[in-house]
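Below are the chains, spelled out letter by letter.
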Amino acid sequence: MAKLPDDNFLYQYIPQAEEKWIKTIENSGENAHAYSEEFQKKLKEITKLEKRRKNMKQIVAVAVIVLITFFTGCMSIQAARAKLFDTIQRIYKDCVEYIYDTGATENMERENILIEPDYLPDGYQVFSRNESMGIICYRKDAKDVDTEKVSQNVLFIRLYNKSIRRTFL
Amino acid sequence: MLIYLAAIDSQEEKSKFEEIYKEYNQIMYRAAYGILKEKYQAEDAVSRSLFKIIDNLDKIEEIRCKKTQAFIVTITENTALDCYRKNKREKTQNIDELQVYSEYSKLFEQEENDVIAAINCLPINYSIILRLRYSQGYSDEEIANMLEITRENVRTRVKRAKRKLAKILEERGVEV
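Residues numbered from 1 in each chain as written. Chains lettered and ligands numbered in written order. Predicted model: local features only at pLDDT ≥ 70, side-chain atom pairs only at ≥ 80, totals over all residues. Heavy atoms only, no water.

A word on the overall build of chain A. Regarding its fold elements, chain A presents three helices and seven strands. Residue burial in chain A is summarised as follows: out of 169 residues, 30% are buried. Summarising the internal contacts of chain A: among those between residues at least 6 apart in sequence, 32% fall at separations of at least 24. Total accessible area on chain A is roughly 11900 Å²; 53% of this is exposed by carbon and sulfur atoms. (Helix = DSSP H or I, 4+ residues; strand = E, 2+ residues; numbered from the N terminus. Buried < 20%, exposed > 50% of the residue type's maximum accessible area, 1.4 Å probe, protein only. Contact = heavy atoms within 4.5 Å. Areas by Shrake-Rupley, 256 points an atom, 1.4 Å probe, with all protein chains shown as cover.)

Here you go:
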């Protein structure tokens, strides 16, 4: 069996062979080929398609930049983030806090409607309900409750590895 | 600002494609005709190649250079080869075993340099893969994307091309 040419051999000779190959093709026709009308029509379509694809690429690129800018802005501003998603989830070391924004303002007469979750992990039960504050606490074990502190609009209940679900209205 | 930049870019890209066509449409036709040997089929191969060139516009940095010319000829020959297989209803035949020659191969039978003669007398599918890898410097992955085959197919075809080249070189009494 003939010995296979190695890469060094091919890197040396293939470029030389290609150069001669292309020169041969280039010099083969005496007259320039006149493309048919059918081809000219196709060419117009291809050129149009190419233009559309380029424009589409630009539009997509601009749209992506606008969206990224918009979302970056929203995500960096808490109020905007809350407005966008209506819910903020904060994960602390020992609890998870959910805040729901209903759009109520300081001057509006407040009506507390407690929103109860559709799903609760196994073993969790209502620990306390404070309808005037709009708070429901869920816990697994009452003994785990360590401290309870209420300030202006913030309720902080320290639970060990437990969850708290909170609503502000 | 963004829209303005987008518009400039679009104009540049548009003229790039048009310039490529203007510069290379004749050599593209001849390369395709060399394989298909029929005017309308060759034109069809050229139009199909233009779609592939649009897909690979980002690979073309400079329009008037040897590298771009070689790339466009290779793309056109590969498209012509696909058209040949479709026309001959040889879809089921493995392209790696296909022995299709460009008519320009004949012109190299009397070439003084036996190695160059052997390379340019290879079946066109083998010649294409070797040029893409060893002259134009594309990776197996890039070649696979360009030719719309798997990387495994690229490696197999290179291996077969080397075997065929070794056989031709042996017949010509060239030691490697």
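Let's shift gears to the pattern of salt bridges. Residues and elements named next belong to chain B. Applying the stated criterion across every chain yields a total of 13 salt bridges over all chains. When the shortest N-O distance is used, the salt bridge between glutamate 152 and arginine 155 registers 3.4 Å. Of this pair, glutamate 152 and arginine 155 both sit in helix α7 (residues 151-171), three residues apart, which is roughly one turn of that helix. Each member of the salt-bridge network shares a partner with another, and the members are Arg133, Asp140, Glu152 and Arg155. (Salt bridge = Lys/Arg side-chain N within 4 Å of Asp/Glu carboxyl O.)

Listed as interface residues are 43 residues of chain A and, on the opposing side, 58 residues of chain B. Taken over both partners, the interface formed by chain A and chain B buries close to 4900 Å², and the fraction arising from carbon and sulfur atoms is 69%. For Asp44(B), the salt bridge is made with Lys42(A), and the minimal N-O distance between the two is 3.1 Å. Put simply, chain A and chain B have 16 residue pairs in polar contact (both at pLDDT 80 or more) between them. Mapped by element, the contributors of at least two residues to the side of chain A that touches chain B are α1 (7-26) and α2 (37-76) of chain A. Each residue belonging to the side of chain A that touches chain B can be placed in one class, and the counts come to 23 nonpolar, 10 polar and 10 charged. (Buried area = accessible area lost by both parts, 1.4 Å probe. Polar contact = N/O pair within 3.5 Å; in protein donor to acceptor, adjacent residues only side chain to side chain. Nonpolar A, V, L, I, M, F, W, Y, C, P; charged D, E, K, R; others polar.)

So, about the side chain of Ser102(B). Relative to the helices and strands, Ser102(B) is located in the loop between α3 (66-87) and α4 (114-120). Residues contacting Ser102(B), with those up to four places away along its chain left out, are Trp21(A), Gly34(B), Ile35(B) and Ile124(B).

Here we come to the nonpolar core. If you look at soluble globular proteins, the nonpolar side chains tend to sit buried side by side. All names here are of chain B. Ile20, Leu50, Ile53, Ile72, Ile129 and Leu130 are the most contacted members of the largest nonpolar core, which has 69 residues in total. Ranked by residue count, the leading element in this core is helix α1 (residues 2-36), at 11 residues. Once residues within four sequence positions are removed from consideration, isoleucine 20 is found in contact with Asn25, Ile53, Leu57, Ile60, Ile63 and Ile72. (Core = buried A, V, L, I, M, F, W, Y, C linked by side-chain atoms within 4.5 Å.)

Our next topic: the packing of aromatic side chains. Between two aromatic rings, the relevant description is the distance of the centres plus the angle of the planes. As enumerated under the stated definition, the model contains 10 aromatic pairs over all chains in all. Between Phe39(A) and Tyr21(B), the ring centres sit 6.4 Å apart and the planes meet at 25 degrees, which makes this aromatic pair stacked. Here Phe39(A), found in helix α2, pairs with Tyr21(B), found in helix α1, and the two come from separate chains. An aromatic cluster is defined as three or more aromatic residues linked by ring pairs; in this entry it consists of Tyr35(A), Phe39(A), Tyr21(B), Tyr29(B) and Tyr33(B). (Phe/Tyr/Trp six-rings, centres within 6.5 Å; stacked < 30°, edge-to-face > 60°.)

For the rest of this paragraph, the subject is the confidence of the model for chain B. Close inspection of predicted coordinates is inappropriate in any region flagged by low pLDDT. Within chain B, residue pLDDT values average 88, and 86% of them lie at 70 or more. Predicted complex, confidence summary: ipTM 0.87, pTM 0.66. (pLDDT = per-residue confidence, 0-100.)

Here we take up helix α2 (residues 39-55) of chain B. For α2(B), built from 17 residues, the straight-helix expectation of 24 Å at 1.5 Å per residue is met to within 8% by its first-to-last C-alpha distance of 25 Å. A side-chain oxygen of the first residue of α2(B) lies 3.2 Å from the backbone nitrogen of Tyr40(B); this N-cap is Glu38(B). (Expected span 1.5 Å × (residues − 1).)

Moving on: the confidence of the model for chain A. Per-residue confidence for chain A gives a mean pLDDT of 71; residues scoring 70 or more make up 55%. Note on residues 146-169 of chain A: pLDDT is under 50 here. Beyond four places in sequence and across chains, it has 74 contacts.

So, on to a nonpolar patch on the surface. All names here are of chain A. Residues Met56, Ile59, Val60, Val64 and Ile68 make up a contiguous nonpolar surface patch of roughly 460 Å² in combined accessible area. Structurally, isoleucine 59 can be placed in helix α2. Taking relative accessible area as the criterion, isoleucine 59 reaches 53% and is therefore assigned exposed. (Patch = residues over 30% accessible without salt bridge, like charges linked within 9 Å, V, L, I, M, F, W, Y side chains within 5 Å.)

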